[in-house]
Amino acid sequence: MSLLLRLLVILGMALAAPVALAQERERIVFSVISTEQTEAVEALWMPFVQAMEEETGLDIELVSAIDYAGVIEAMRFGQVDVGWFSNLSGLQAIRLADAEVFAKTLYPGGQEGYRSVILVRNDSPLQTLDDLLVCDGSLSFALGDPNSTSGTLVPLAYIFAPRGIDPQSCFSQVTNANHEQTALAVANGFVDAGTNNTTNLDRLAQTRPEALASTRILWSSPLIQTDPMIWRRDLPEEIKSEIFAFFLTYGFRGDAEQRAREQAVLETLFLGGFLPATDEHLLPIRRLELMRDLAETQASEALEEGERAARLEQIEISMRELAVEERRVAVRELASDMIEARTRLTTDEAGASADITRLVSEFLAAQPRIEVERRIRRVTTGELTRGLIALGAGFVLFGVMLYRSRPPRFGPSRLLSDRLIDAAIWSGLFGLLIWSFWPAEMFKLPLLGTNAPRMGDYIAGFFQLDLDGWETYARQTLITVQIALWGTVVAVIAAIPFGLMASRNIAPVWIVQPVRRLMDTFRAINELVVAAIFVAAVGLGPFAGVMALALHTTGVLAKLFSEAVEAIDDGPVEGVRATGAGPMNEVVWGVIPQVIPLWASYALYRFESNTRAATILGLIGAGGIGQVLIQNIRSFEYGKTATILLIIIAAVTAVDLISQMLRKRLV
C-alpha cells in the first residue's frame, strides 16, 4: 500500500511540475487578424512573438482569427490581452472591451498611412464610380469584414452613405471576406468589384502577383492612418511596461546584426516598426463614423421627419464634441512642429519661416467639410405584382379544385367543409409557389444546363490534389471529430432528464411545457451563434465548440427522447407500479428499458450529424477544420480544399461505420 501511495505522489509531482513551470511566467494572449490564410499569418508573426517572449519574459500565446468580432469579444472577457487591430475594430474594442491604444504601426519606409481602394478586373467595362453605382442589380460587390476600416467603413463613409445608397439593395449580391479573398474573387471574376487596401496590394504583389496583375484600381480613398496596437486596460502596469518597451524598440535595438534580423522580420510583416500612440489615434475613425451616420440619416426614406431631426441633432452634438478633441490634438501637434521649425531659424531662416507659415495655413484650412448627395430610391412594384398574380392563380385553382371535387351523382357524398379545406390548402400552396418563384430565382433553372461546362471547370479544379499540409488537415479533422464526440456525450447526459421531464405520460403539464419551450430555444439557436457566446466565456478554442454542439444537441435529443417515452407500452410500467414501487422506480424499471434502444440510435445519429456540423465551428474560432476549409474555398485553393474534403469524408465515413456497429450491438 505504501508503494502505491509513493507512486501516486511521484505521479502527482510529475503532473504538477509543468503547471508550476507555466505559472512562473505570466501568460499573455496576443491576437492578430488574418487578412489572408491563417496558417501563413501565424507563421509570419511567430518570429516576432518568440522575440517578445525572450525580451519580456512573458509566456506569449499567438492566436489568429478571420473575424474581428470574435477577437473583440474574446478581449472583452479576458481571453485576449494584446492585439493588432484595424482602426475600426480597435475603436470597437475600446468601446466594448475596455481596451486602449498603446502603439501604432509604421509601414516600410516610415509611411504612417494607407488607402482604401475598390478593385475591378483589368478587362472590366467599369471605368468610374458612376459605372459601378448604377444600382440596377446587375453587378455584384465584395465588402470587407464589417469591422474593417478600409474594407467597409471607409467605402461606406466616402462612397455609399453620401449618395444615399444601400449596397445590399444596389447590387445583385454583396459578400464579406478578408482582403486576400476579396482580391482573388475580383481577379477570378466571381464578383464585379470589391474593396481592398494599398497595404494588402503590396503583399499580394509578392504572394499572388498573377492575381494582382489581373486587377486595377477603380477608386482610392484619402490617406488612412496606420493600424493600432491595443491592450486590455486592466493589464498589470509592469506587464504593460515590458510590452510597450519591446514594441517601441523592436527593429532599432542591439548591434547591427540584431537590427538587421529584426528589420527582416518586420519586412515580412510589411511593417517598418512601431510608434507610441493613444486613443486619440482613432479620432479620424470616429469622424468617419459620424459622416456615415449623418449621410445615412439624411438620405433615409424610412425615417419620420421628427425622428430624422432628433438623430441629426444628436449627430451634430457628437461632431461638435469630436471637433473639440480634434482641435486639442491638432493644437498640440502644431505647437510641437512650430517649436521644431523655430529652432531652425538661425540655421535655415528662409526654409524655417516658410514652414511656419505653411503649418499655420494648413492648421486653419484643416476644417472637415461634408457634402451629402440625396439619391431618390426607386420604388418597384415587383413584389405587389407577383403577389397579385399568385393570389389570382390561387383563386383560379381553388375554383377548379372545388368544382372537380364535387361528388358524383351516384357516388358517396363529401362534406362541403372538407372540400373547401382541401381546395384552400392546395390552391394556397400553388399560390405560394408562384409568389416565391422570382425571389427564389427559379427562373435560373435552365442555366444548370446552359452553364454545365462552367460547373465542370470548377469541379475539375478539385481533382488537382495539393497534399502539402495534409498532416495539419488530418489533425484538425481529428479535433473536429473529438469536438463532436464530447458535444454529443454531454448532450446525451443532459437530454435524459430533460427528455423525461418533457414527456406528457411521465411529468405533469406544469413541468412539461416549460421544459419543452426551453428545448425549443436550444434547438432554434444555430450552433455558430451559441459558439460565439461560449467564446466570450471560455475563449477561442475547441471547448467553445463542444459546448455549442452540446447545447443545441440537448434540445434535439430531449425532444426525440421524450417522444420515445410517450410511445412506450404502459403494461411494464403498470406492472412495476403494482409491486408498490415509487415513481422513480417506475421510470428506471418500466420506462428506460423500453426506450434505451431508441435512445442509443438517436444518440449515434446525432454523433454523425455533429461530426458534420463541427466542421464549420472553426469559422468563429471554436476549433477544428472549419476555418481552414472556408479560407481555402474563398482563396480558390481548389487542390487544398479537395484534400480537406477527402479527409473529412474519410472521417465521416469512419464515424458512420463505427456507429453502425455500435447500433447493432445496442439495438
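Everything quoted here is computed from the prediction, not taken from an experiment.

1. Some remarks on the side chain of Ser140
- Locating Ser140 in the fold gives a position in strand S7 (residues 140–143).
- Exposure remark for Ser140: the relative accessible area of 8% places this residue in the buried category.
- Apart from residues lying up to four places away in sequence, Ser140 is in contact with Phe171, Ser172, Gln173, Phe190, Val191, Asp192 and Ala193.

2. Thoughts on the nonpolar core
- If you look at the biggest cluster of nonpolar residues, it comprises 50 residues, and the most contacted ones within it are Met75, Ile118, Leu132, Phe141, Phe160 and Phe171.
- A total of 6 residues in this core trace back to one element, the largest contributor, which is helix H6 (residues 149–160).
- Beyond its immediate sequence surroundings of up to four residues, Phe171 is in contact with Leu132, Leu133, Gly137, Leu139, Ser140, Phe141 and Phe160.
- Listed in part, the 29 residues of the second largest apolar core include Trp45, Leu58, Ala103 and Leu266.

3. What about the sheet that holds S7?
- Read from one edge to the other, the open sheet built from 5 strands follows the order S8-S7-S9-S6-S10, with strand pairing classed as mixed. The open sheet has two edge strands with one neighbour each: strand S8 (173–176) and strand S10 (215–220). Here the strands of the sheet are splayed against their neighbours by 30° on average, with no regard to which way each runs.
- Pairing analysis gives 2 bridges linking S7 to strand S9 (residues 193–197), with the strands arranged parallel. Counterpart to Ala142 in the pairing with S9 is Gly194.
- Taken strand by strand, H6 contacts strand S6 (116–121), S7, S9 and S10, and its axis lies near 115° from that of S9.
- Most of the contacts of helix H9 (residues 198–207) go to S9, to which it runs at about 90°, and overall it touches S6, S9 and S10.

4. Let's talk about the packing of aromatic side chains
- Overall, the coordinates contain 19 aromatic pairs when judged by the stated rule.
- Both rings, one in Phe48 and one in Phe246, keep their centres 5.2 Å apart while their planes meet at 65°; by these two values the pair is edge-to-face. Here Phe48, found in helix H2 (residues 38–56), pairs with Phe246, found in helix H11 (residues 237–249); they are 198 residues apart in sequence, far enough to count as distant.
- Through a chain of ring-to-ring contacts, the aromatic side chains of Phe30, Trp45, Phe48, Trp84, Phe102, Trp231, Phe246, Phe247, Tyr250 and Phe274 assemble into a single cluster.

5. Quick word on the packing of helix H22 (residues 527–538) against helix H23 (residues 542–566)
- Here H22 crosses H23 at 135°, and the two axes come no closer than 8 Å. Here H22 is positioned oblique relative to H23, judged by the angle of their axes. By crossing handedness, the relation of H22 to H23 is classed as right-handed. Across from Glu527, Val530, Ala531, Phe534, Val535 and Val538 in H22, the residues of H23 making contact are Phe543, Ala544, Met547, Ala548, Leu549, Leu551 and His552.

6. Brief notes about the pairing of strand S12 (residues 228–232)
- Counting buried positions along S12 gives 5 out of 5 residues, so the element sits mostly inside the fold.
- Here strand S3 (residues 82–84) runs beside S12; their pairing, made up of 3 bridges, is antiparallel. Looking at S12, one finds that Val82 is bridged to Trp231.
- Note that strand S4 (residues 99–106) and S12 share 5 bridges and pair antiparallel. Considered in S12, the bridge of Ala99 is made with Arg232.

7. Thoughts on helix H12 (residues 256–268)
- Its 13 residues place the ends of H12 19 Å apart at the C-alpha level, agreeing with the 18 Å of an ideal helix rising 1.5 Å per residue.
- Of the positions making up H12, those classed as buried are Glu262, Val265 and Leu266. Burial along H12 is one-sided: seen end-on, the buried residues are contained in an arc of 100°. Exposed residues on H12 whose side chains face more than 90 degrees from its buried face are Ala256, Glu257 and Glu267.
- Just downstream of H12, Phe270 is the residue with a positive phi angle, here 60°.

8. A closer look at the environment of Gly90
- Its location among the elements puts Gly90 in helix H4 (residues 87–97).
- The spacing of Gly90 and Ile72 is 18 residues in sequence and 8.3 Å in space, taken between C-alpha atoms.
- Setting aside anything within four residues of it in sequence, one finds Gly90 in contact with Phe85, Ile230 and Leu282.

9. Notes on the sheet that holds strand S1 (residues 27–33)
- The strand order S2-S1-S3-S12-S4-S13 describes an open sheet built from 6 strands, whose pairing is mixed. Two strands lie at the open edges of the sheet, namely strand S2 (59–65) and strand S13 (273–276), each paired on one side alone. The mean inter-strand angle of the sheet, taken between neighbouring strand axes irrespective of direction, is 25°.

10. Concerning helix H21 (residues 509–524)
- For H21, which comprises 16 residues, the first-to-last C-alpha distance of 22 Å matches the rise-based estimate of 22 Å (1.5 Å per residue) to within 8%.
- Of the positions making up H21, those classed as buried are Val512, Val515, Arg516, Met519 and Phe522. Along H21, the residues classed as buried sweep out an arc of 115° about the axis, all on the same side. Away from its buried face by more than 90 degrees, H21 exposes Trp510 and Ala524.

11. Concerning the packing of helix H20 (residues 470–501) against H23
- Between H20 and H23, whose axes approach to 6 Å, the crossing angle comes to 40°. Viewed along their axes, H20 and H23 adopt a mutual orientation that is oblique. The hand of the H20/H23 crossing is right-handed.
- For the contact of H20 with H23, a count of residues per class yields 20 nonpolar, 6 polar and no charged.

12. With respect to the pattern of salt bridges
- With the rule as written, the count across this model stands at 21 salt bridges.
- For Arg233, the salt bridge is made with Asp279, and the minimal N-O distance between the two is 3.5 Å. Residue Arg233 is located in the loop between S12 and H11, and its partner Asp279 is located in the loop between S13 and helix H13 (283–299); the two are separated by 46 residues in the primary sequence.
- Since its relative accessible area comes to 29%, Asp279 is described here as partly exposed.
- Within this structure, Asp98, Glu100, Arg233, Glu237, Lys240 and Asp279 form a network of salt bridges that share partners.

13. Concerning unusual backbone geometry
- Look at Cys135: it is not a glycine, yet its phi comes out positive at around 55°.
- We note that Phe270 has phi near 60°; this positive angle belongs to a residue other than glycine.
- By the element assignment, Phe270 lies in the loop between H12 and S13.
- The class for Phe270 is buried, based on a relative accessible area of 12%.

Quick notes on the rules
Residues numbered from 1 in each chain as written. Predicted model: local features only at pLDDT ≥ 70, side-chain atom pairs only at ≥ 80, totals over all residues. Heavy atoms only, no water. Helix = DSSP H or I, 4+ residues; strand = E, 2+ residues; numbered from the N terminus. Buried < 20%, exposed > 50% of the residue type's maximum accessible area, 1.4 Å probe, protein only. Contact = heavy atoms within 4.5 Å. Core = buried A, V, L, I, M, F, W, Y, C linked by side-chain atoms within 4.5 Å. Pairing = 2+ DSSP bridges. Axes fitted to C-alpha atoms, helices over the stretch in contact; angles between N-to-C directions. Phe/Tyr/Trp six-rings, centres within 6.5 Å; stacked < 30°, edge-to-face > 60°. Parallel < 35°, antiparallel > 145°, perpendicular 65-115°, else oblique. Left-handed = near helix turned anticlockwise from the far one by under 90°. Expected span 1.5 Å × (residues − 1). Arc of directions from axis to C-beta. Nonpolar A, V, L, I, M, F, W, Y, C, P; charged D, E, K, R; others polar. Salt bridge = Lys/Arg side-chain N within 4 Å of Asp/Glu carboxyl O.

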